[in-house]
Structures are given as structure tokens and as C-alpha cells.
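# Report on the structure
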Amino acid sequence: MLGNKRGEHFRLAMLVIVVSIAISLIAFISANSKITGFTTSTSSDANSGTSLREYDDVNSLETLAAGSYYVDGDGIVYWVDDESKPAVAKVKFVQESQKNRQIYVDNNGNIGYLIG
């Protein structure tokens, strides 16, 4: 009887593992095109040859993960919550009032400008 219980536990554990893997695969396959993480490079220089995801304008940055960002005069977007401040995106069209500004993206995708 004792050996039979161990077999049941083993089968249950294997079933849990298989179900977990299946759920992870389904989530990965069905993910939409929104960015849920950060594109980072080994260098914080935006022109180092790494390709950055391009956005049409600053309002399109709503798909970035929540956090603080800096938009420079050339439209390069840096994630400032990390000490290395990696470049994460490039904005094609930036209005003068949006250049050299720090922005914040909240959990709902709302974009706000930080004062200071």
C-alpha cells in the first residue's frame, strides 16, 4: 500500500508540472505585441548599433512597462529606474515641449510628465 501512495504522489506531481508548462506555453504563444519588459543593451549609448523599438510619438510609449523614463532631444527613451539608464525605445516625432523631459508610465499605460 505504501508504494502505491508514492506512485500516486509522483503521478500527481508530474501532472502539475505538465499543466504548468502547458499554461506557460499558451500564455507565451498568445501574448500580444505590447512590450512587457525592457529592451536593454550592454552599452547605454543609444547609437551603439542595437536596434531600439520605434514609436510614432510620445503617446505611443503607453505600451512600455510602468516606470520612469527620460526622452532626450533626439527622441531616444531611457529607463531611469535602473542605474545604467539603458535606452529602451526611439520616438520618431517628438514635440519641442516633450524633448529633454522625464516621463512616467503608470500600470494602466497613462503617461505623465514629471515636474522638476
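Attention here is on the structure that accompanies the text. All values reported here derive from a predicted model rather than from experimental measurement.

Definitions and cut-offs
- Residues numbered from 1 in each chain as written.
- Predicted model: local features only at pLDDT ≥ 70, side-chain atom pairs only at ≥ 80, totals over all residues.
- Heavy atoms only, no water.
- Helix = DSSP H or I, 4+ residues; strand = E, 2+ residues; numbered from the N terminus.
- Buried < 20%, exposed > 50% of the residue type's maximum accessible area, 1.4 Å probe, protein only.
- Contact = heavy atoms within 4.5 Å.
- Areas by Shrake-Rupley, 256 points an atom, 1.4 Å probe, with all protein chains shown as cover.
- Core = buried A, V, L, I, M, F, W, Y, C linked by side-chain atoms within 4.5 Å.
- Pairing = 2+ DSSP bridges.
- Salt bridge = Lys/Arg side-chain N within 4 Å of Asp/Glu carboxyl O.
- Axes fitted to C-alpha atoms, helices over the stretch in contact; angles between N-to-C directions.

Turning to the overall build of the protein chain, a few remarks are in order. On a plain count of helices and strands, the protein chain comes out with one helix and six strands. Reading the protein chain from its N terminus to its C terminus gives the helix and strand order α-β-β-β-β-β-β. Counting across all 116 residues of the protein chain, residues that qualify as buried make up 25%. Long-range contacts, defined as pairs at least 24 residues apart, comprise 56% of the intrachain contacts of the protein chain with a sequence gap of at least 6. Carbon and sulfur atoms form 55% of the exposed surface of the protein chain, whose accessible area is close to 8200 Å².

What follows is about the nonpolar core. Counting residues in each nonpolar core, the largest one holds 15 residues, and the members touching the most others are Leu61, Tyr69 and Val77. Elements supplying a minimum of two residues to this core: β2 (67-71), β3 (76-79), β4 (87-91) and β5 (101-105). With three residues, the top contributor of residues to this core is β4.

Bringing the pairing of β5 into the picture now. Note that β2 and β5 share five bridges and pair antiparallel. Looking at β5, one finds that Ser68 is bridged to Tyr104. Across three bridges, the pairing between β5 and strand β6 (residues 111-113) is antiparallel. Considered in β6, the bridge of Val105 is made with Ile111. Between β5 and the antiparallel strand that follows it, β6, lie five residues; Gly109 among them carries a positive phi value of about 90°.

Moving on to unusual backbone geometry. Positive phi, normally seen in glycine, also occurs at Lys85, with a value near 50°. On the secondary structure map, Lys85 appears in the loop between β3 and β4. One non-glycine residue with positive phi stands out, namely Asn100, at about 55°. By the element assignment, Asn100 lies in the loop between β4 and β5.

Glancing now at the pattern of salt bridges. Per the stated rule, a full pass over the model turns up three salt bridges. Glu54 is the partner of Lys92 in a salt bridge, and the nearest nitrogen-oxygen pair spans 3.9 Å. On the criterion of sequence distance, the pair formed by Lys92 in the loop between β4 and β5 and Glu54 in strand β1 (residues 53-55) is long-range, its members being 38 residues apart. Note on Glu54: relative accessible area 49%, which makes it partly exposed. With a closest N to O distance of 3.7 Å, Asp56 and Lys92 form a salt bridge. Placement of the pair is Asp56 in the loop between β1 and β2 and Lys92 in the loop between β4 and β5, with a sequence separation of 36 residues. For the pair formed by Asp56 and Lys92, the shared burial category is exposed. A cluster of three or more residues bridged by salt bridges with shared partners is formed by Glu54, Asp56 and Lys92.

Attention now moves to the sheet that holds β6. A sheet is described by the order of its strands in space; here six strands give the open sequence β1-β4-β3-β2-β5-β6, paired in mixed fashion. Bordering the open sheet on either side are β1 and β6, each of which pairs with just one other strand. Each strand of the sheet is rotated relative to its neighbour by a mean of 30°, with strand direction disregarded.

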